[in-house]
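Report on the structure
The residues making up each chain are set out below.
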Amino acid sequence: MKFKLTVPYVIAAAGLIGLSTANGMGHRDIGNISWNKIHIHNAYAFSQTAADAMATEQFLEQKADSLCGHYVNRMLNAQHRLAPFIGTAQYKNAVTQELPGAPVGMHCVYGQYTHLTRAIHEMGDTLNIIPDAGNRSCNAFRATMQKKYSGPQYAGCIHAGVMYASDSAYNAALGKYLAARRITDTSPDSLRIAATREFAKNHFSIDKLNPGAILLVPRHRGSRTKFHAIMYPGRGHIGANGQFVADSNGDALYSAHNKERLGDLFDTWDTSNVFAVDTKKIAQVEYAAELQRIETLDTPNLIAYIAPKTQADRDALATMTRHELQQWVRKKYFNRGTPMRIPHHPVLPDVQPDILTHALPASTPPMLATINRGDHVR
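Description of the structure in this document. (Residues numbered from 1 in each chain as written. Predicted model: local features only at pLDDT ≥ 70, side-chain atom pairs only at ≥ 80, totals over all residues. Heavy atoms only, no water.)

What follows is about the overall build of the protein. Summing up its helical and strand segments, the protein has 14 helices and nine strands in all. Within the protein, buried positions represent 46% of all 378 residues. For the protein, the accessible area works out to roughly 19200 Å², and carbon and sulfur atoms hold 55% of it. (Helix = DSSP H or I, 4+ residues; strand = E, 2+ residues; numbered from the N terminus. Buried < 20%, exposed > 50% of the residue type's maximum accessible area, 1.4 Å probe, protein only. Areas by Shrake-Rupley, 256 points an atom, 1.4 Å probe, with all protein chains shown as cover.)

Attention shifts here to the sheet that holds strand β1 (residues 158–164). With mixed pairing, five strands are arranged side by side in an open sheet as β2-β1-β9-β3-β4. Two strands close off the open sheet at either side, each with one partner strand: β2 (203–205) and β4 (227–232). Mean inter-strand twist for the sheet, computed between neighbouring axes without regard to direction, equals 45°. Relative to strand β9 (residues 274–277), strand β3 (residues 213–218) is paired through three bridges, and the arrangement is antiparallel. Bridge pairing in β9 places Ile-214 opposite Val-277. (Pairing = 2+ DSSP bridges. Axes fitted to C-alpha atoms, helices over the stretch in contact; angles between N-to-C directions.)

In the structure shown here, the tally under the stated rule is 10 aromatic pairs. Both rings, one in Tyr-254 and one in Trp-269, keep their centres 5.8 Å apart while their planes meet at 80°; by these two values the pair is edge-to-face. Here the residue Tyr-254 occupies a position in strand β7 (residues 251–254), and Trp-269 occupies one in the loop between α8 (265–268) and β9, the gap between them amounting to 15 residues. Given the relative accessible area of 5%, Tyr-254 is considered buried. Classification of Trp-269 as buried rests on a relative accessible area of 11%. (Phe/Tyr/Trp six-rings, centres within 6.5 Å; stacked < 30°, edge-to-face > 60°.)

We now examine the packing of helix α10 (residues 299–306) against helix α12 (residues 322–333). One can describe the packing of α10 onto α12 by two numbers: an axis separation of 9 Å at closest approach and a directional angle of 30°. The hand of the α10/α12 crossing is left-handed. When α10 is examined against α12, the residues Thr-299, Leu-302, Ile-303, Tyr-305 and Ile-306 are found in contact with a partner set consisting of Arg-322, Leu-325, Gln-326, Trp-328, Val-329, Lys-332 and Tyr-333. Here the contact of α10 with α12 is composed, by residue class, of eight nonpolar, two polar and two charged. (Left-handed = near helix turned anticlockwise from the far one by under 90°. Contact = heavy atoms within 4.5 Å. Nonpolar A, V, L, I, M, F, W, Y, C, P; charged D, E, K, R; others polar.)

Here we come to the nonpolar core. In this structure, Ile-129, Phe-141, Met-145 and Tyr-287 are the most contacted members of the largest nonpolar core, which totals 54 residues. Sort the elements by how many residues they give to this core and helix α2 (residues 50–82) lands first, with eight residues. Setting aside residues up to four positions removed in sequence, Met-145 forms contacts with Ile-129, Ile-130, Pro-131, Ile-158, Phe-275, Val-277 and Ile-282. Core analysis: the second largest hydrophobic core is formed by 16 residues, Leu-209, Leu-215, Ala-256 and Leu-265 among them. (Core = buried A, V, L, I, M, F, W, Y, C linked by side-chain atoms within 4.5 Å.)

The side chains of a regular strand alternate between both faces of the sheet. When strand β5 (residues 235–238) meets β7, the two strands line up antiparallel, connected through two bridges. Of the residues in β7, the one forming a bridge with Arg-235 is Ala-252. Two strands pair when backbone bridges link them, and β5 and strand β6 (residues 244–246) are joined in this way by three bridges, in the antiparallel orientation. Pairing of Gly-236 across the sheet is with Ala-246, part of β6. Counting the residues that bridge the hairpin from β5 to β6 gives five residues, and of these Gly-242 lies at a positive phi of roughly 80°.

As for its placement among the helices and strands, Gly-134 is situated in the loop between α4 (108–122) and α5 (138–148). Residue Gly-134 is classed as buried on the basis of its relative accessible area, which comes to 0%. When the C-alpha atoms of Gly-134 and Tyr-113 are compared, they prove to be 8.4 Å apart, with 21 residues separating the residues in sequence. Non-local contacts of Gly-134, meaning those with residues more than four positions away in its chain, are made with Val-109, Ala-140, Phe-141 and Thr-144.

This part covers the side chain of His-228. Mapped onto the elements of the fold, His-228 is located in strand β4. Assessed through its relative accessible area of 1%, His-228 is described here as buried. A polar contact is formed between the side chain of His-228 and the side chain of Glu-260, at a distance of 2.7 Å. Setting aside anything within four residues of it in sequence, one finds His-228 in contact with Cys-108, Cys-138, Leu-215, Leu-216, Val-217, Arg-219, Ala-256, His-257, Asn-258, Glu-260 and Trp-269. (Polar contact = N/O pair within 3.5 Å; in protein donor to acceptor, adjacent residues only side chain to side chain.)

What follows concerns the sheet that holds β6. The antiparallel open sheet is built from four strands, whose spatial order is β6-β5-β7-β8. Of all the strands in the sheet, the pair left with one neighbour each is β6 and β8 (263–264).

With respect to the element layout, Tyr-154 can be found in the loop between α5 and β1. Taking C-alpha positions, Tyr-154 is 9.4 Å from Glu-286, a pair spaced 132 residues apart along the chain. Discounting residues that sit within four places of it in the chain, Tyr-154 has contacts with Lys-148, Tyr-149, Val-285 and Glu-286. Separated by 2.4 Å, the side chains of Tyr-154 and Glu-286 make a polar contact.

Coordinates in, geometry out; function isn't part of it.
And the structure:
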């Protein structure tokens, strides 16, 4: 049977397992990441099993989703606040107040950079997704992003070329491309796959992008040298008050600065030469790299990361194994801003040895060995 390839992308995970849920992983409260004692002793170790890696990947995806949610909301709210001033003498001052330091009139990239940076700070994170060198112009943005995210771990994070309004539109164009080269279902699989990959180098579907993606589109239809930065907030429609209403069955909309209101992306812009940066995918890779850097710190620095201020907590953590400390690193990393509750071991009563001897069977191990640290972790 011939293999018919219809999905345009083969995304390299590069150190990350594919996105998935972690059903069957035992008790886990996503909102207040807690584990039962089985997972306290077995999950999230630095030397992870496949299931553990999938669970960690899910938390990384949720963290990236949260960042993009903050970013999209900030962008949409800022655009909504500026909309009443478009076309008025107060517009320049309004932009300056909203985006201090912005090159008013050419602040499309600077606005995206500012809102994303604020969202990162709001999350309590330190990522630098858009280098400072890329915040002033579209050409600088493209050059810096291509340079920074050229590694194989970022496969699928950046696209360039013709952007289609849906996967179905992409596949229809791919079908025409293959037909023009006389490649059919009966052609060798290797030939079909090679042609499909060649097409994917400069063609992509917007459905492969996550909300919060930053796009450079031709400033004017047919332009090959001048571009404009916009953000893709997702599919939806424009509400009665001019605000974005998410709808998975809606149109692909865009949000941007430079005297613009929310609008339909494909009706407004030429999408024959688009440079697209998937903010969520980049954030997920960067979060994973940051987590790994923290996990490989030496033990004193691991403890300093988990409990930087409280001596009692540091003393309690010092009694733990490295495996357990790495679990606490993940707990803090995925609950940034949530107060830590370090388990302190109970102090045994000062009793005479013969009391313990008569109180317990001779085969019973010392009481300290019966304390299950997992029972104290919240």
